[in-house]
Amino acid sequence: MAEKKLLKRQWYCGAVGEAQVGSTITVYGWVNTKRELGGVTFIDLRDREGLLQIVVNEAFAEPGRLKEIGKETVLAVSGRVVKRARPNPELASGQVEVIAESIDILAASAVPPFVPENHAGVSEELRFKHRYIDLRNLDMQRNFKLRSKANLLARNFLDREGFLDIETPMLTNATPEGARDYLVPSRIYKGRMFALPQSPQQFKQLLMVSGFERYYQITRCFRDEDLRADRQPEFTQIDIEMSFAESHELFVIIERLVRDLFALRGFEVVLPFRRLPYQEALATYGSDKPDLRIPYTIKDFSADAAAWGSELLNAALAQGAKVKGLVIPAAGSFSRKQLDEINDAARKLGGKGVIWMKKAEDGFKSSLKVPPAAMAALFEKHKIASDALVLLIADAEPQALFLAGKLRELLGKEFQDKKKLEFLWVTDFPLFFYNEEEKRLDSNHHPFTAPRPEDIPLLASEPLQVKAIAYDLVLNGIEIGGGSQRIHDIALQKRIFQMLNLAEGEIEEKFGFFLSALTFGAPPHLGIALGFDRLLMLLTGEESIREVIAFPKTTSSLCLLTGSPSAVSQRQLDELGIAIKK
């Protein structure tokens, strides 16, 4: 029996260069490609650092072994490093190649369902079912190396800032709303459930009551909700809480952390980030997470429209509607087909349609009967360029702003350069919103969010006018973090719970332990949670967070790799005291 060779990583394929010319080395990896040319076999060997060309010439002692080598076979190759006659500038190792002296097959591979380097043309279902092959793609490898570096950078940064890494429980109480919790049945206490945390919110606040003052955790959270490209049922967030601080101090820390994270990819992030109150964000961009790369802003044309003599607009204005609009530069040449597509998009979003106006060679044109003189006055008053297109929406103000915001995003796609970073703090959110379905107040963020002190008198009379000390961090139209100052006064916290229509028994059952803690000297504190997966998605330039999560779920919340969620045996259900209701 041949003596077994000891495995010892000397060099990564992508790290072999001209400094190793003349040396005999051993490299390990997977066969990316194999090609035969004139009696010489070329193998591109791949590991996590890149590709290295292996040359098997006529002098190779075991030519028969080459027939056993297919794509994705795992090899150990020993040989001499030489300079390539034809360098490949696209490879980090492209100046050199290895003349194989011995090849050991460490693991054969069946014919793969797809090859890693061509995964872009493969269905998501097939990629996720064979994720271990998909992850061999070098772009995916780079994504996860960057994720590891970002994780380490965040930990080191927060450690230098005096934050302590403290773990909080994965098994906890269900939230009062409950619908989005993943529940875990207790075998010992049949009929009772743990819940996986949507956030470690109460625990991190309790850590402030405990006197740790600065806490962080890069933690897993769980939410049972419909998925999108930037959502998963389990996700990772950088969770931060601090005592005896104002939001400005937290903003400065987070901005510096984000700047350092994006420097990992060579981005230069300009500080400080812009700040914009929630109401101003809606009025200007029609969104509480606007993409500032898009230069269009929303304008109010209600006063102008009132003078046009349009029965349609006058009827809408009489019912309290507003006329909101966008001025799109150099779009006056849009065809009727393009204008119809814009109108169709607005209708699909629930709108009544879009009114357009533009200047033509023979005067002004509009989809609404408006006197040319009125249109000319509008263009002159608002200094609208003659080649611009004006789009108008007449509706109740919230709906008009929503539709204008969506049209702004649709028509502004050409400005969405991934290399341009536009950060924004959106502040002063409403503390509550009215839940039409449940006919009650709901928290805009969560029930532990503090109202602005000057708005507390409005809690009794005008609760929907109360602003919160709450803030979201937005990058290029995507929310990457959210936080607030917390309520640390027990009387105010109880009052908020009651305003959310929570019964006394429910408050005690769900939050009794937390309220008790507030009676023992809770310091003023605030915090934030940054979506680590979303940050990585933006940092890598990917379109979906699934490209930066090793083993993601599909948009239907399935794990195609393992087949979960799956059925369990009747014995397990009986042990837990659970019956399946068909």
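Fair warning: this is a prediction, and the values are worked out from it, not measured in the lab. (Residues numbered from 1 in each chain as written. Predicted model: local features only at pLDDT ≥ 70, side-chain atom pairs only at ≥ 80, totals over all residues. Heavy atoms only, no water.)

Draft legend 1. The arrangement of the side chain of Gln198 in detail. Considering the arrangement of structural elements, one finds Gln198 in the loop between β8 (193-196) and α4 (201-209). Judged by its relative accessible area of 12%, Gln198 falls in the buried class. Looking at Gln198, its side chain comes within polar contact range of the side chain of Arg223, at 3.4 Å. (Helix = DSSP H or I, 4+ residues; strand = E, 2+ residues; numbered from the N terminus. Buried < 20%, exposed > 50% of the residue type's maximum accessible area, 1.4 Å probe, protein only. Polar contact = N/O pair within 3.5 Å; in protein donor to acceptor, adjacent residues only side chain to side chain.)

Draft legend 2. Local environment of the pairing of strand β14 (residues 355-360). Strand direction decides the pairing type here: β14 and strand β16 (residues 389-395), joined by 4 bridges, are antiparallel. Bridge assignment links Trp356 to a residue of β16, and that residue is Leu391. As paired strands, β14 and strand β15 (residues 363-366) are joined by 4 bridges and run antiparallel to one another. Note that in β15 the partner of Met357 across the bridge is Ser366. (Pairing = 2+ DSSP bridges.)

Draft legend 3. Examining the sheet that holds strand β10 (residues 234-243) more closely. Within the open sheet, the 8 strands sit side by side as β6-β9-β10-β22-β21-β20-β17-β11. Their pairing is mixed. The two strands at the open ends of the sheet, each matched to only one other strand, are β6 (164-165) and β11 (274-277). By the bridge criterion, 4 bridges tie β11 to strand β17 (residues 423-427) in an arrangement that is parallel. The residue bridging Pro277 from the neighbouring strand is Thr427, located in β17. Contacts from helix α3 (residues 138-160) reach β6, β9 (214-222) and β10, with the element oriented near 150° to β9. Across the sheet, helix α5 (residues 247-263) lies against β9, β10, β11, β17, β20 (470-475) and β22 (525-531), angled at about 25° from β22, the strand it touches most. (Contact = heavy atoms within 4.5 Å. Axes fitted to C-alpha atoms, helices over the stretch in contact; angles between N-to-C directions.)

Draft legend 4. Fine view of the environment of Thr73. Relative to the elements of secondary structure, Thr73 occurs in the loop between β3 (50-56) and β4 (74-83). In this structure, the C-alpha to C-alpha distance between Thr73 and Gly22, residues 51 residues apart in sequence, is 27 Å. The contact partners of Thr73, leaving out residues within four places of it in the chain, are Gly29, Trp30, Val31, Glu68, Ile105, Ala107, Ala108 and Ser109.

Draft legend 5. Quick look at the sheet that holds β14. Taken together, 5 strands build an open sheet; the order of strands is β12-β13-β16-β14-β15 and the sheet is antiparallel. At either margin of the open sheet sits one strand with a lone partner, and together these are β12 (298-300) and β15. Averaged over all pairs of adjacent strands, the angle between their axes in this sheet comes to 25°, without regard to strand direction. Across 7 bridges, the pairing between strand β13 (residues 322-328) and β16 is antiparallel. Considered in β16, the bridge of Leu326 is made with Leu391. Sheet strands touched by helix α10 (residues 372-381): β14, β15 and β16. Its angle to β15, the strand with the most contacts, is close to 95°.

Draft legend 6. The arrangement of unusual backbone geometry in detail. With omega at -5°, the peptide bond leading from Leu271 into Pro272 counts as cis. With respect to the element layout, Pro272 can be found in the loop between α5 and β11. Here the amide bond leading from Ser564 into Pro565 is cis, since omega sits at 0°, within 30 degrees of zero. With respect to the element layout, Pro565 can be found in the loop between α15 (532-540) and α16 (570-576). A positive phi angle is found at Lys439, which is not glycine, with a value near 55°. Mapped onto the elements of the fold, Lys439 is located in the loop between β18 (432-435) and β19 (440-443). With relative accessibility at 55%, the residue Lys439 sits in the exposed group.

Draft legend 7. Representation of the pattern of salt bridges. By the definition in use, this model includes 42 salt bridges. A salt bridge links Glu72 to Arg136; the shortest N-O distance between them is 2.8 Å. With Glu72 in the loop between β3 and β4 and Arg136 in the loop between α2 (131-134) and α3, this pair connects stretches of sequence that are 64 residues apart. Its relative accessible area of 21% is what places Arg136 among the partly exposed residues. Linking Glu547 and Arg127 is a salt bridge whose minimum nitrogen-to-oxygen distance equals 2.8 Å. In this pair, Glu547 sits in the loop between α15 and α16 while Arg127 sits in helix α1 (residues 124-129), placing the two residues 420 residues apart along the sequence. With respect to class, Glu547 is no different from Arg127; both count as buried. (Salt bridge = Lys/Arg side-chain N within 4 Å of Asp/Glu carboxyl O.)

Draft legend 8. How the structure looks around the packing of aromatic side chains. Tallied over the entire structure, the rule returns 13 aromatic pairs. Taking 5.6 Å as the distance between ring centres and 85° as the angle between the ring planes, the aromatic pair formed by Phe262 and Phe423 counts as edge-to-face. Linking Phe262 in helix α5 with Phe423 in strand β17, this pair joins segments that are 161 residues apart in sequence. Plain terms: the ring middles of Tyr296 and Phe415 are 5.7 Å apart, the flat faces sit at 90° to each other, and that makes the pair edge-to-face. Taken together, the residues span a long stretch of sequence, with Tyr296 in the loop between α6 (278-285) and β12 and Phe415 in the loop between α11 (397-411) and β17 at a distance of 119 residues. In this structure Tyr296 comes out as buried when scored by relative accessible area, which is 5%. A residue is classified by how much of its surface remains accessible, and Phe415, at 28% relative accessible area, is partly exposed. Its guanidinium or amino end placed over the ring of Tyr189, Arg192 lies 5.1 Å from that ring's centre, counting from NZ or CZ. Positioned above the aromatic ring of Trp356, the side-chain terminus of Lys358 is 5.6 Å from the ring centre. (Phe/Tyr/Trp six-rings, centres within 6.5 Å; stacked < 30°, edge-to-face > 60°. Lys NZ or Arg CZ within 6 Å of the ring centre and 35° of its normal.)

Function-wise, these values are silent; they only describe arrangement.
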